Amino acid sequence: MFAVHFVSFIITKLQEKPINKVDELLRAMCLQDDQLKDVSLLFQAEMIKGLSSKSRAVAAVKMLPTHVCSNPNSTERGPFLALDLGESTFKIQRISLGDGMDYKEVKIQEKIIPIPKQLLNDRADELFNFVSRSLKQFMHEKNISLVRQHPLTFTFSFPCEQPALNQGVLLNWTKNVRTPGLRGKDVAHALKSAIERTGGMDIDIVALVNDSVATMMTCRFDDPQCDVGLIIGTGTNACYMEELRHIDLVEGDEGQMCINIEWGAFGDDGALDNYITEFDKEVDAASTNPGIQSFEKMVSSMYLGELVRLVVLKMAKQGLLFKGCVSNALKTKGKITSSHIAAIEDAQRGLQNTKDILMGLDFTPSVEDCLAVQHVSTIVTNRSSSLIAACLSAILTRIKPNRRSTHVTVAVDGELYKRNPQYSTRLQSAVQKLIPETCVRFVTSPCGTGTGAALITVEAKQAAWKRRQVDETASLFKLSQEQLSFVKSRMRVKLESETNMSSFVYNLPNGTESGQYLGLELGGTRVRAVLVNIRNGQLHYTNLYHKIYELPPQLLHTSGEEFFDHVAQCISDFLDFVGMKHTCLPAALTVSFPCEQTTTDKGNVLNWIKRVKATSGEGQDVVTMLREATDRHATFDLDVVAVVNETVGMMIASAHDDPQCKVGLIVGSGVSVCYMEELKNIKYALKKENFPEMKDGDITTRMCIITECGRIGDNGSLDDCITPYDIQVDLNSLHHGKKRFEKLTSGLHVGEVVRQVLLDLSRRGLLFKGHENTALKTPGLFHINSLSQIDSGRVGVLQVRSILQQLGVEGSCDDCAFVKEVCGAVSRRAAQLCGAVVAAVVDQMRENRGSSNLSITVAADGELYKLHPQFSILLKETVKSLAPQCTVTFLTSEEGSGKGAVLVAATTLPKQKT
């Protein structure tokens with residue numbers, strides 16, 4: 001018994017000197033609990049910095065959105081291809097999900113292919129050509145059809161900025177890879193190009209993912225609590241599910257998205273300087289990427305063996321090991337690898353393995369030497385696991401408030417974790433010590449990244465299918481240049497026909513107008529009254545002499561008599577308001593519905609339009625009906641001297657400020673265009689009796705023509721531009737079969753077209769989870785204001801969702817993006833169609849004047865034109881494209897048509913004293 005204790009004592013004494021020296025030499029690597037907590041706090045700060053759009057540019061750790069959002073569910077079925085490109089090998093897999101009754105049944109065929117070393121330093125296209133040819137060979141070997149299309153997820157183990165799930169711009173290479181020609185470029189596109197060069201394969205790269213993301217999704221397939229992915233191998237990386245509202249780089253505030261944490265760069269800004277030793281600095285200086293990937297060089301298996309070698313080399317040089325002998329092998333970089341470390345730390349054969357490894361380095365080690373080298377390895381790897389645990393605890397601390405459960409699963413892959421049980425045990429123990437309140441379960445992926453890649457492929461395919469369906473629907477509203485030219489030609493035919501209306505306005509203001517006038521604007525939903533004083537052509541009025549009266553909805557469908565009785569009451573109230581009830585002022589009446597005028601002060605209603613559908617009054621003189629209404633009230637006298645179409649009035653008002661203004665355009669609840677035409681070019685106007693106000697010999701006088709552009713297409717000529725949604729809007733309208741062009745372009749109907757599209761998409765399961773929202777069934781839901789706000793280029797999906805919520809429609813961020821696309825498509829078509837009509841007008845004016853070029857101003861008004869931020873831009877672009885010989889300036893009308901109407905009255909009556 002004494003002998004046994006004596007031997008044990010001798011061995012202990014033999015161990016003390018070198019092991020104590022190891023502890024002394026590597027004291028900086030032996031991190032205490034408070035130091036690990038500090039590292040964890042530093043890393044939490046880095047995560048916040050990397051997620052913020054304001055600070056991410058200077059963040060060492062890039063928090064990269066992956067666009068992987070959904071959880072696996074029972075819909076993941078079918079065969080998928082996965083390609084996993086690593087540092088020295090790549091893996092091709094064919095994964096079949098749900099082949100049997102159990103949807104979680106997974107079948108995998110795979111092939112691991114080493115990458116020739118010369119390709120790692122060759123051009124990127126050569127590397128991808130090799131990968132592509134190997135993929136084709138794999139498909140031959142596994143009897144996979146080359147004819148049918150195969151979805152593929154590309155797992156790429158290097159940091160990429162992803163603008164979309166199937167795109168990834170390489171930020172920088174890591175580990176030992178230095179393939180030139182790819183940094184700053186889309187790696188998915190590079191692979192796609194190589195596949196096209198190889199030929200004979202129909203591969204659709206639907207997703208690009210990091211290996212940590214694919215690992216997490218693989219384990220998430222079986223465990224919904226798996227919210228973190230971790231790679232600890234030749235490199236290191238992590239990912240986790242972040243709340244979307246915390247990710248500045250991605251629009252949306254609901255649900256989660258996986259963030260790829262490129263934590264290998266943690267410390268590149270000096271945050272870890274207090275923990276970096278002389279050995280770390282030496283490893284960094286000898287690396288292929290000095291100065292970067294600081295954290296990775298402290299923890300990953302590619303560098304741990306080298307750290308151990310440098311420590312052992314220094315101890316040997318100091319005479320603390322191998323009796324001061326230093327072999328050439330020990331001086332050689334890379335002679336101790338991660339495989340050696342796993343063998344050294346083996347619980348059963350560690351001491352013998354250490355001896356064998358040292359003998360392979362040309363030493364004859366003593367037991368003391370072997371124990372010291374084991375201790376060095378343990379300290380180096382323990383620091384690695386401790387640092388990983390500190391950063392992992394930062395991630396778990398961040399996601400804890402967003403989780404209902406205190407249990408969380410971490411998916412882990414990588415040779416350092418899987419091949420070294422001592423390492424994995426120490427890591428788990430350190431994590432639990434740092435965050436004892438969270439129950440952390442570590443699982444390793446049974447099949448690497450393959451299943452996760454397949455699940456992501458399914459998500460990508462479903463999202464791409466929805467996107468294609470919405471895109472195809474939106475494309476129905478896309479007009480070709482040929483279609484727009486055809487619409488222009490239809491408008492030209494309309495201009496040359498005798499169905500346009502004379503306005504009997506042929507004198508523009510000349511600055512001599514004077515007098516006091518009552519301006520009345522009669523629209524589809526309101527009456528506007530204004531009192532105007534004109535002195536030497538200048539108009540003087542204030543808001544004190546201006547009033548708007550909204551027409552009750554029920555009044556719009558009553559008789560013409562009741563309709564005008566209410567209008568008369570509004571006028572009576574206004575005259576009381578301005579104190580002129582007993583003064584008979586000359587009045588100018590502006591109307592927004594089509595009237596056939598026989599003189600300046602007479603206009604027969606052709607038909608009610610927009611929201612007005614009175615039961616009587618069509619074919620009757622609007623002035624007579626108004627006078628009869630005032631007679632019935634007998635409270636005031638009214639002298640209507642001019643009836644003016646609202647578009648004409650608006651144009652005349654603008655011409656008062658700009659003499660070049662000779663075209664008027666209104667795009668509001670309706671659509672109307674007018675322009676000044678030479679009388680000699682108006683075939684049906686050459687008879688003098690048609691224009692009693694015209695003086696003898698004044699045949700060259702221009703007259704304003706009101707085009708009935710809203711009626712284009714009533715004969716079926718625009719059927720190529722009409723979608724099933726337009727047909728439904730027409731069927732639901734008050735004037736079925738009429739005003740087809742107006743129903744494609746006006747604010748009253750554009751919103752209805754959008755509503756019909758959204759209803760259809762929801763019924764097809766493409767929007768709002770397939771539910772038909774009650775509010776969405778409400779006619780008139782999408783007013784011009786809402787439509788304009790949604791289609792603003794500055795508005796993101798969160799603002800769109802807020803607008804929809806105000807309308808009573810709840811939708812996801814994806815829904816909002818689709819709604820925005822639909823609104824844009826419908827509005828764009830409306831703007832282009834209106835542009836084609838204006839192009840037809842200005843081109844005809846140019847030709848009728850016999851000019852090769854024309855400079856002209858178009859007065860524009862209407863809610864859709866003025867409120868929609870893109871509408872006027874698109875309209876102007878269309879005019880410029882279709883009428884290149886015309887220089888067209890657009891002048892937005894600020895004062896409406898009332899000003900123009902009183903100017904018409906002032907040019908009609910003899911000059912009044914002011």
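Quick look at the structure, then. (Residues numbered from 1 in each chain as written. Predicted model: local features only at pLDDT ≥ 70, side-chain atom pairs only at ≥ 80, totals over all residues. Heavy atoms only, no water.)

## As for the overall build of the protein chain
Broken down by element type, the protein chain carries 28 helices and 27 strands. For the protein chain, long-range pairs separated by at least 24 residues make up 72% of all intrachain contacts whose partners lie at least 6 apart in sequence. If you sum the accessible surface of the protein chain, you get close to 37,900 Å²; carbon and sulfur atoms cover 49% of it. (Helix = DSSP H or I, 4+ residues; strand = E, 2+ residues; numbered from the N terminus. Contact = heavy atoms within 4.5 Å. Areas by Shrake-Rupley, 256 points an atom, 1.4 Å probe, with all protein chains shown as cover.)

## A short note on helix H27 (residues 871-882)
Helical periodicity: at 3.6 residues per turn, an α-helix aligns residues three or four positions apart in one direction. For H27, which comprises twelve residues, the first-to-last C-alpha distance of 17 Å matches the rise-based estimate of 16 Å (1.5 Å per residue) to within 8%. Within the span of H27, buried status applies to Phe-871, Ser-872, Leu-874, Leu-875, Thr-878, Val-879 and Leu-882. Looking down the long axis of H27, one finds its buried residues gathered within 165 degrees of arc, a one-sided arrangement. Lining the buried residues of H27 we find helix H16 (481-496), strand S23 (661-667), helix H25 (813-848), helix H26 (863-867) and strand S27 (886-892). (Expected span 1.5 Å × (residues − 1). Buried < 20%, exposed > 50% of the residue type's maximum accessible area, 1.4 Å probe, protein only. Arc of directions from axis to C-beta.)

## Regarding the pattern of salt bridges
Applying the stated criterion to the full structure yields 38 salt bridges. Of the charged contacts, one joins Lys-581 and Asp-576 as a salt bridge, the two residues approaching to 3.2 Å between their closest N and O atoms. The exposure class assigned to Asp-576 is partly exposed, which follows from its relative accessible area of 46%. Each member of the salt-bridge network shares a partner with another, and the members are Lys-488, Arg-492, Glu-496, Asp-843, Arg-846 and Glu-847. (Salt bridge = Lys/Arg side-chain N within 4 Å of Asp/Glu carboxyl O.)

## Looking at the packing of helix H19 (residues 646-657) against helix H28 (residues 898-908)
The N-to-C vectors of H19 and H28 enclose an angle of 80 degrees; their axes lie 6 Å apart at closest approach. Here H19 is positioned roughly perpendicular relative to H28, judged by the angle of their axes. Side by side, H19 and H28 meet where Gly-649, Ile-652, Ala-653, His-656 and Asp-657 of the first sit next to Lys-899, Gly-900, Ala-901, Leu-903 and Val-904 of the second. Within the contact of H19 with H28, the residues separate by chemical class into five nonpolar, three polar and two charged. (Axes fitted to C-alpha atoms, helices over the stretch in contact; angles between N-to-C directions. Parallel < 35°, antiparallel > 145°, perpendicular 65-115°, else oblique. Nonpolar A, V, L, I, M, F, W, Y, C, P; charged D, E, K, R; others polar.)

## Some remarks on the side chain of Gln-756
Checked against the element boundaries, Gln-756 lands in helix H22 (residues 747-763). Take Gln-756: its relative accessible area is 9%, and that puts it in the buried class. Contacts of Gln-756, omitting those with residues within four sequence positions, involve Tyr-725, Gln-728, Val-729 and Asn-732.

## A word on the sheet that holds strand S9 (residues 226-232)
Reading across from one edge, S1-S11-S10-S9-S12-S13 is the order of the six strands in this open sheet, with mixed pairing throughout. Edge strands, defined here as strands with exactly one partner in the open sheet, are strand S1 (62-65) and strand S13 (439-444). Pairwise comparison of adjacent strand axes, ignoring direction, gives a mean angle of 25 degrees for this sheet. Pairing analysis gives six bridges linking strand S12 (residues 407-413) to S13, with the strands arranged parallel. The residue bridging Thr-409 from the neighbouring strand is Arg-441, located in S13. (Pairing = 2+ DSSP bridges.)

## Quick look at unusual backbone geometry
Despite not being glycine, Asn-143 has its phi angle at roughly 55 degrees, a positive value. As for its position among the elements, Asn-143 is in the loop between helix H4 (124-141) and strand S5 (150-156). A relative accessible area of 72% places Asn-143 in the exposed class.

## Quick notes on a negative patch on the surface
Side chains of Glu-561, Glu-562, Glu-628, Asp-631, Asp-637 and Asp-639 sit close together on the surface and give a patch of like negative charge. When its relative accessible area of 39% is taken as the criterion, Glu-628 is described as partly exposed. (Patch = residues over 30% accessible without salt bridge, like charges linked within 9 Å, V, L, I, M, F, W, Y side chains within 5 Å. Lys, Arg positive; Asp, Glu negative; His and termini not counted. Charge placed at Lys NZ, Arg CZ, Asp CG, Glu CD.)

## Considering the pairing of strand S26 (residues 854-861)
Across the eight residues of S26, seven count as buried, placing the element largely inside the fold. Relative to S26, S23 runs parallel, the two being bridged by five bridges. The residue bridging Val-663 from the neighbouring strand is Val-858, located in S26. The sheet contact formed by S26 and S27 spans seven bridges and is parallel. When the sheet's bridge partners are listed, Ile-856 is paired in S27 with Val-888.

## Some points on the side chain of Ser-893
Tracing the sequence through the fold places Ser-893 in the loop between S27 and H28. On the basis of relative accessibility, which here comes to 4%, the residue Ser-893 falls in the buried class. Excluding residues that lie within four positions of it along the chain, Ser-893 makes contacts with Met-650, Ser-654, Ala-860, Asp-861 and Lys-866.

## A closer look at helix H5 (residues 187-198)
The end-to-end C-alpha distance of H5, which contains twelve residues, comes to 17 Å, matching closely the 16 Å that a straight helix rising 1.5 Å per residue would cover. For H5, the set of buried residues is Val-187, Ala-188, Ala-190, Leu-191, Ser-193, Ala-194 and Ile-195. Residues of H5 that are buried sit in contact with strand S2 (78-85), H4, S5, strand S6 (160-161), strand S7 (169-170) and strand S8 (203-209). Capping of H5 at its N-terminal end is provided by Asp-186; its side-chain oxygen lies 3.0 Å from the backbone amide nitrogen of Ala-188. After H5 finishes, the residue Gly-199 shows a positive phi value of roughly 75 degrees. (Polar contact = N/O pair within 3.5 Å; in protein donor to acceptor, adjacent residues only side chain to side chain.)

## Regarding the nonpolar core
Within the largest apolar cluster, 86 residues are counted, with the highest numbers of intra-cluster contacts made by Val-663, Phe-782, Phe-871 and Phe-890. No other element matches H25, which puts 20 residues into this core. Among all residues touching Val-663, those that are not within four sequence positions of it are Met-651, Val-673, Cys-674, Tyr-675, Val-841, Val-842, Met-845, Ile-856, Thr-857, Val-858 and Ala-859. Core analysis: the second largest hydrophobic core is formed by 82 residues, Tyr-240, Tyr-275, Leu-321 and Tyr-417 among them. (Core = buried A, V, L, I, M, F, W, Y, C linked by side-chain atoms within 4.5 Å.)

## Structural notes on the environment of Lys-738
Among the structural elements, Lys-738 can be located in the loop between helix H20 (724-732) and helix H21 (740-745). Lys-738 sits 26 residues away from Ile-712 along the chain, and the two C-alpha atoms are 9.2 Å apart. Apart from the residues within four sequence positions on either side, Lys-738 is in contact with Asp-714, Asp-730 and Lys-743.

## Concerning the packing of aromatic side chains
Counted under the stated rule, the structure contains 15 aromatic pairs. On the basis of an interplanar angle of 75 degrees and a centroid distance of 4.9 Å, the ring pair of Phe-158 and Trp-173 is categorised as edge-to-face. You can see Phe-158 sitting in the loop between S5 and S6 and its partner Trp-173 sitting in the loop between S7 and H5, a full 15 residues away along the chain. For Phe-158, a relative accessible area of 2% corresponds to the buried category. Classification of Trp-173 as buried rests on a relative accessible area of 7%. Connected via pairs of aromatic rings, a cluster forms that spans Phe-128, Phe-154, Phe-156, Phe-158 and Trp-173. Between Lys-547 and the ring centre of Phe-577, over which it is positioned, the NZ or CZ distance is 4.7 Å. (Phe/Tyr/Trp six-rings, centres within 6.5 Å; stacked < 30°, edge-to-face > 60°. Lys NZ or Arg CZ within 6 Å of the ring centre and 35° of its normal.)

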